[in-house]
Amino acid sequence: MVLGSITEVRRMLDAHRAAGRSIGFVPTMGYLHAGHQSLMRASVVANDITAVSIFVNPLQFAAGEDLGSYPRDLARDTDRCADAGVDLIFAPSVEEMYPGPMATVVDVASVASPLEGAFRPEHFAGVATVVAKLFSIMGECRAYFGEKDWQQVAVVTRMAADLSMPVEVVPCPTMREPDGLAMSSRNVYLTPDERAEAPVLRRALDAGLAMIAEGETDPAMIEAVMTDTVATASLAALDYVAAVQADTLIADGPLHGEVRLLVAVRFGTARLIDNDGGMVPGTPA
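Thresholds applied
- Residues numbered from 1 in each chain as written.
- Predicted model: local features only at pLDDT ≥ 70, side-chain atom pairs only at ≥ 80, totals over all residues.
- Heavy atoms only, no water.
- Pairing = 2+ DSSP bridges.
- Helix = DSSP H or I, 4+ residues; strand = E, 2+ residues; numbered from the N terminus.
- Axes fitted to C-alpha atoms, helices over the stretch in contact; angles between N-to-C directions.
- Contact = heavy atoms within 4.5 Å.
- Parallel < 35°, antiparallel > 145°, perpendicular 65-115°, else oblique.
- Nonpolar A, V, L, I, M, F, W, Y, C, P; charged D, E, K, R; others polar.
- Left-handed = near helix turned anticlockwise from the far one by under 90°.
- Buried < 20%, exposed > 50% of the residue type's maximum accessible area, 1.4 Å probe, protein only.
- Polar contact = N/O pair within 3.5 Å; in protein donor to acceptor, adjacent residues only side chain to side chain.
- Salt bridge = Lys/Arg side-chain N within 4 Å of Asp/Glu carboxyl O.

**Student:** Please give an account of the sheet that holds strand 8 (residues 258-267) that cites residues and values.
**Tutor:** The 3 strands lie next to each other as 7-8-9, forming an open sheet whose pairing is antiparallel. Among the strands making up the open sheet, the edge pair consists of strand 7 (237-245) and strand 9 (270-279). In this sheet, neighbouring strand axes are inclined to one another by 10° on average, regardless of whether the strands run parallel or antiparallel. Here 10 bridges tie strand 8 to strand 9, and the two strands are oriented antiparallel to one another. Directly across from Val259, in strand 9, lies its bridge partner Gly278. Relative to strand 7, helix 11 (residues 219-230) is tilted by about 150°, and along the sheet it contacts strand 7 and strand 8.

**Student:** Describe the packing of helix 1 (residues 6-18) against helix 7 (residues 123-138), listing the residues and the values that go with them.
**Tutor:** With their axes 8 Å apart at the nearest point, helix 1 and helix 7 run at an angle of 50° to one another. In terms of orientation, helix 1 lies oblique with respect to helix 7. For the pair formed by helix 1 and helix 7, the contact residues are Ile6, Val9, Arg10, Leu13 and Arg17 on the first element and Ser136, Ile137 and Met138 on the second. Of the residues assigned to the contact of helix 1 with helix 7, the class counts are 5 nonpolar, 1 polar and 2 charged.

**Student:** How would you summarise the packing of helix 10 (residues 200-213) against helix 11 if you had to cite specific residues and measurements?
**Tutor:** The contact between helix 10 and helix 11 brings their axes to 8 Å, and the two run at 150°. As far as their axial angle goes, helix 11 and helix 10 are roughly antiparallel. Helix 11 is crossed by helix 10, and the crossing has right-handed handedness. Across from Val200, Arg203, Ala204, Leu205, Ala207, Gly208, Met211 and Ile212 in helix 10, the residues of helix 11 making contact are Met221, Ile222, Val225, Met226, Thr229 and Val230. Here the contact of helix 10 with helix 11 is built from residues that sort into 11 nonpolar, 2 polar and 1 charged.

**Student:** Kindly report on the pairing of strand 8, identifying the contributing residues and their values.
**Tutor:** The element strand 8 is extensively covered by neighbouring structure, given that 8 of its 10 residues are classed as buried. Bridge count for strand 7 against strand 8 is 8 bridges, and the pairing is antiparallel. By the bridge assignment for strand 8, Val244 is matched with Arg260.

**Student:** Give a description of the side chain of Thr50 that names residues and reports values.
**Tutor:** Mapped onto the secondary structure, Thr50 falls in strand 3 (residues 49-54). A distance of 3.4 Å separates a polar side-chain atom of Thr50 from the backbone nitrogen of Val44. Apart from the residues lying within four places of it in its own chain, the contact partners of Thr50 are Gly24, Met40, Ser43, Val44, Val86, Asp87 and Leu88.

**Student:** Talk me through the environment of Asp83; I want residue IDs and the actual numbers.
**Tutor:** On the secondary structure map, Asp83 appears in helix 3 (residues 74-84). A relative accessible area of 60% means that Asp83 is categorised as exposed. For the pair formed by Asp83 and Leu163, sequence separation is 80 residues and the distance between their alpha carbons is 34 Å.

**Student:** Give a description of the pattern of salt bridges that names residues and reports values.
**Tutor:** Under the criterion given, the structure shown has 15 salt bridges. A salt bridge links Asp179 to Arg195, with the nearest nitrogen and oxygen atoms 2.8 Å apart. Of this pair, Asp179 sits in the loop between strand 6 (167-172) and helix 9 (192-197) while Arg195 sits in helix 9; the two residues are 16 residues apart in sequence, bridging distant segments of the chain. A relative accessible area of 25% means that Arg195 is categorised as partly exposed.

Pasting the structure below:
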């Protein structure tokens, strides 16, 4: 079932909860791929009802970014949701979500400001604001997010906790192509030559993780090796690499415990992000 009305979605999900059914929720911007479907299937297994939102959120795109060209295909997305066992698709218009100018913005400053926040200053305020609206619409639920957008997971998790939202954020592993490239709706922007070089993001992460496994704790040393790895791809323009603590997304000294490596690279019009995590041997968590 595809609904575009906030009121109708609330009414339907409230009725399911009143009947004792649990709700799983997968927020997306559409143009769904196997990575999205993995989130849907995780929800279907764990919940009685699974809802998916399909909404290209204008608040998280800055001027000059790809809002107008972002891929959209609702019929295709509906089929992919059905294949995954989804019960409800919420596909609102921009006017339904934002009937007037927004006076309220959600800013998770400490987690949102580095990395993607530094390169895209408006992005996470737009993400947090729309996700807060979606959580309000969906009500009590489990919400499934892919770990490919690790900083987004951190922002949404902190927001839900800080605002006492009745939502359990469930991170799910990144889905990858056979050559290691993380699945993303933006991969369709890649030319054949760019697509051939794009797995360099995975190789950069692997190079950093290998250093961590050997006991390296200096973020600068790890980042230097990751940068050198990205430089082997002639079409890649590096935005950043980062070796940080997984929970804070900063490194204020030698790495310890659980760490996260992140990378953002531009290939022509496509901007790709990826990340992976590991434990520094012999250090406290």
